[in-house]
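# Close look at the chain arrangement
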Amino acid sequence: MSVSTLVSAPSICAPLPVLGQDVTVPLVTGGEVTYAALDYAASAPALQRVWDDVAAYAPYYGSVHRGAGYLSQLSTDLFENARRTVAEFLGCREGDQVVFTRSTTDSLNLLAAALPADCQVFVFETEHHAALLPWRHARVTCLDAPRSPREAVETLERALAGRTVSIEGGHGPALVCVTGASNVTGELWPVRELAAAAHAHGARIVLDAAQLAPHHPVSVADLDVDWVAFSGHKLYAPFGSGVLAGRADWLRAAEPYLAGGGASRKVSRRQDGGVDVEWHDSAARHEAGSPNVIGAYAVASACKALTEAGFDTLVAREQHLVRAVREGLADVPQVRFLSLFGDDAPRVGVLSFVVDGWNSSHFAAALSAEYGIGVRDGLFCAHPLVRTLLGSDPQSQGECGSPEAAPGEKSLNAIRVSFGAGTPDEHVERFVRAVKELVTDGAKWNYRTEDGRCVPDTSA
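Residues numbered from 1 in each chain as written. Predicted model: local features only at pLDDT ≥ 70, side-chain atom pairs only at ≥ 80, totals over all residues. Heavy atoms only, no water.

## Details of the overall build of the chain
Selection rule: Under the scheme used here, helices are H or I runs from DSSP no shorter than 4 residues and strands are E runs no shorter than 2 residues, and both carry numbers assigned from the N terminus. The globule rule is 2.2 Å times the number of residues to the power 0.38, and the radius of gyration it is compared with is taken over C-alpha atoms. Think of it in three bands: residues with accessible area under 20% of the maximum for their type are buried, residues over 50% are exposed, and the middle band is partly exposed, with areas taken using a 1.4 Å probe on protein chains only. Counting rule for charge: Lys and Arg are taken as positive, Asp and Glu as negative, and neither His nor the chain ends is counted. Charged side chains are reduced to one point each, which is NZ for Lys, CZ for Arg, CG for Asp and CD for Glu.
Along its length, the chain carries 13 helices and 19 strands. The C-alpha atoms of the chain give 23 Å as radius of gyration, which agrees with the globular expectation for 460 residues (23 Å, within 12%). Across its three principal axes, the chain shows a C-alpha extent of roughly 80 × 55 × 50 Å. Counting every position in the chain, which comprises 460 residues, the buried fraction comes to 53%. Charged side chains of the chain number 38 positive and 54 negative; the gap between the two group centres comes to 4 Å.

## Considerations on the nonpolar core
As a reminder, the rule being used: Nonpolar core, defined: a set of buried Ala, Val, Leu, Ile, Met, Phe, Trp, Tyr and Cys residues in which side-chain atoms within 4.5 Å join the residues together. Note on contacts: a residue pair is in contact if any heavy atoms of the two residues lie within 4.5 Å.
Counting residues in each nonpolar core, the largest one holds 85 residues, and the members touching the most others are V86, L90, L156, L207, F230, L235 and V243. The leading source of residues in this core is helix α9 (residues 293-309), at eleven residues. In this structure V86 touches V98, F100, F230, V243, V299, A300 and C303, once residues within four positions along its chain are discounted. V325, L351, V417 and V428 belong to the second-largest nonpolar core, a separate cluster that totals 34 residues.

## Looking at the packing of helix α11 (residues 360-371) against helix α13 (residues 425-441)
Between two packed helices, both the angle of their axes relative to each other and the distance between the axes serve to describe the pair. Note the threshold: To obtain an axis, a line is fitted to C-alpha atoms, over the contacting stretch when the element is a helix, and the angle between two such axes runs from 0 to 180 degrees between their N-to-C directions. In this scheme the crossing of two helices becomes right-handed for a clockwise turn of the near helix relative to the far one and left-handed for an anticlockwise turn of less than a right angle. Charged means Asp, Glu, Lys or Arg here, nonpolar means Ala, Val, Leu, Ile, Met, Phe, Trp, Tyr, Cys or Pro, and polar covers whatever is left, Gly included.
In contact at an axis separation of 11 Å, α11 and α13 are set at 115 degrees when each is read in the N-to-C sense. Viewed along their axes, α11 and α13 form a crossing whose handedness is right-handed. Between α11, through F363, A366, L367, E370 and Y371, and α13, the contact on the second element is made entirely by R430, F431, A434, V435, E437, L438 and V439. When grouped by side-chain class, the residues that make up the contact of α11 with α13 number nine nonpolar, no polar and three charged.

## Observations regarding the pairing of strand β12 (residues 275-279)
Note the cut-off: Two strands qualify as a pair provided DSSP detects at least 2 bridges between them.
Of the strand pairs in this sheet, strand β11 (residues 264-269) and β12 are connected by five bridges, and their pairing is antiparallel. Directly across from S264, in β12, lies its bridge partner W279. Two successive antiparallel strands, β11 and β12, enclose a turn made up of five residues, where G273 displays a positive phi of approximately 95 degrees.

## A few points about the sheet that holds strand β13 (residues 335-337)
Ordered by their spatial adjacency, four strands build an open sheet running β13-β14-β17-β16, and the pairing between neighbours is antiparallel. The open sheet terminates on both sides in strands that have one partner only, identified here as β13 and β16 (376-378). With strand direction ignored, the average angle separating the axes of adjacent strands in the sheet is 30 degrees. Taken together, the three bridges between β16 and strand β17 (residues 414-418) define a ladder with antiparallel strand orientation. Bridging across to β17, D377 finds its partner in I415. Across the sheet, α11 is in contact with β14 (350-355), β16 and β17; its angle to β14 comes to roughly 115 degrees.

## Focus on a nonpolar patch on the surface
For clarity, the threshold we go by: Each patch is built from residues that are more than 30% exposed by relative accessible area and take part in no salt bridge. Like charges join if they lie within 9 Å; nonpolar side chains (Val, Leu, Ile, Met, Phe, Trp, Tyr) join within 5 Å. Accessible surface area values rest on a Shrake-Rupley calculation with a 1.4 Å probe, where residue burial reflects the displayed protein chains alone. What counts as a salt bridge is simple: a side-chain nitrogen of Lys or Arg found within 4 Å of a carboxyl oxygen of Asp or Glu.
Where nonpolar side chains cluster on the molecular surface, the patch consists of Y60, Y70 and L71 and spans about 340 Å² of accessible area. L71 sits in the partly exposed class, given a relative accessible area of 33%.

## Considerations on the pattern of salt bridges
Tallying each qualifying case throughout the model produces 23 salt bridges. The partner of E450 in a salt bridge is R448, with the nearest N and O atoms 2.8 Å apart. Members of the salt-bridge network, linked through shared partners, are R204, D226, R247 and D249.

## Quick look at the confidence of the model for the chain
What counts here: Per-residue confidence from the predictor is given as pLDDT, running between 0 and 100.
Summing up the model confidence of the chain, the mean pLDDT is 91 and the portion of residues at 70 or higher is 91%. For the stretch residues 1-12, pLDDT sits under 50, and the model shows 22 contacts to residues farther than four places along the chain or on other chains. Counting interchain partners and residues more than four positions distant, the pLDDT-below-50 stretch residues 393-398 has 13 contacts.

## Quick look at the sheet that holds strand β6 (residues 139-143)
Strand order in this open sheet of seven strands is β4-β10-β9-β8-β7-β5-β6, and the pairing throughout is mixed. Taken across any chain shown, the strands that pair with only one partner, and hence form the sheet edges, are β4 (97-101) and β6. Averaged over all pairs of adjacent strands, the angle between strand axes in this sheet comes to 20 degrees, irrespective of strand direction. Judged from the five bridges that link them, strand β9 (residues 227-231) and strand β10 (residues 242-246) form a sheet pairing that is antiparallel. Within the sheet, the bridge partner assigned to V228 lies in β10 and is A245. Where helix α2 (residues 70-89) meets the sheet, its contacts fall on β4, β9 and β10, and the angle it forms with β4 comes to roughly 115 degrees.

## A closer look at the side chain of D208
Here D208 is to be found in strand β8 (residues 204-208). For D208, which is buried and forms no salt bridge, the nearest opposite charge comes from K234, at a distance of 8.4 Å. Dropping the residues within four chain positions of it, D208 is found in contact with T104, E127, H128, A131, V178, T179, G180 and A229.

## Details of helix α5 (residues 149-161)
Put simply, the rule is: In a helix, the anticipated span is given by 1.5 Å times the number of residues less one.
An ideal rise of 1.5 Å per residue puts 18 Å on 13 residues; α5 measures up with 19 Å between its terminal C-alpha atoms. Contacts from the buried residues of α5 go to β5 (120-124), β6, β7 (174-179) and α6 (191-200).

Below is the structure:
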């Protein structure tokens, strides 16, 4: 679909075509229904444009960087052009590197491996585990969850001002890691202000854009961040590729993330039987092995599709869907949305909530089995944040426990609904209707816990 086919009113424009819109699933109560995929925050469906581009290239697939044949040269050009497309999509500065990885998690672990000696890392407890955990070999300062964007900036400023002295004396290198949009609440974080605070105290900053890039424009230069990381599978390109983009100096100075072909410029034997290696100082230094050219091309295709559709239009439509959920459930007092910054805080199409009287896993299972709606339940790989938002006094366990919760916390979990550029209005309308019916009438089926998940009980 071209941009010209979008209707003029941005709040009701047609969604971008994605795969799976006509998939039907069985209902435990009988019959089938078109599946409503409302778990975009975990993995978004593939854009039809991405699928078509990959299918058109597939017959020409060949080795990258190493082949003299036509298909190898074509694939190499495709791969490097994808790198340039991603750099443009991210508003990279001259001299920035774009490294293709497997995911946001892989990107942040790569950066963690490239940290200078004695680097101190500052990260909020609100981060996804992909941004919270990779720094375990560095000196880590974990910051409390802020309750407003201003408090986030002030908390970071205080922490940076009081940071510890390095082993050589004075303040050594420091890195701040922060999300652009929460994977739990969808709330937008004050990235530009946090970057300014980091730089004012001599620190660098990496932006976890996994939830931001699919919904909002991201510019490394405009936000003044040092690096940005995101995943292709959340950007409508589920072909196993991710991106780390930004400053080259720490990456060039670090040992390769993986040692192998492609990362090395020259390898020679020494007389003592050892091996000498001269590594590349380009992005190839951290892309050892045969590159995932299809994954990189898919990411570039998605970047082009979103840019051509226009983020202003996409954001306006997504906010229309957010309002439809919040206003549609405003008269259901049993539903409580989770938030750090308040109900009116700007957010992407990600909303988490709990329902009084229900275990969240039970509620999510009923949405799937009885209405054909796919959402996520649990702690969303952000355990400290969800525990902070829910408190330490969980509701009664109910019929089914959370697959992620620790013993004694079986009901300390939430439900997350998320959507994006491919979500039809009908999916959101069905979701609102289903929530109201479950709250009012209860589930039509019995459920039990099986292998840690809540599932329909078909034993009767």
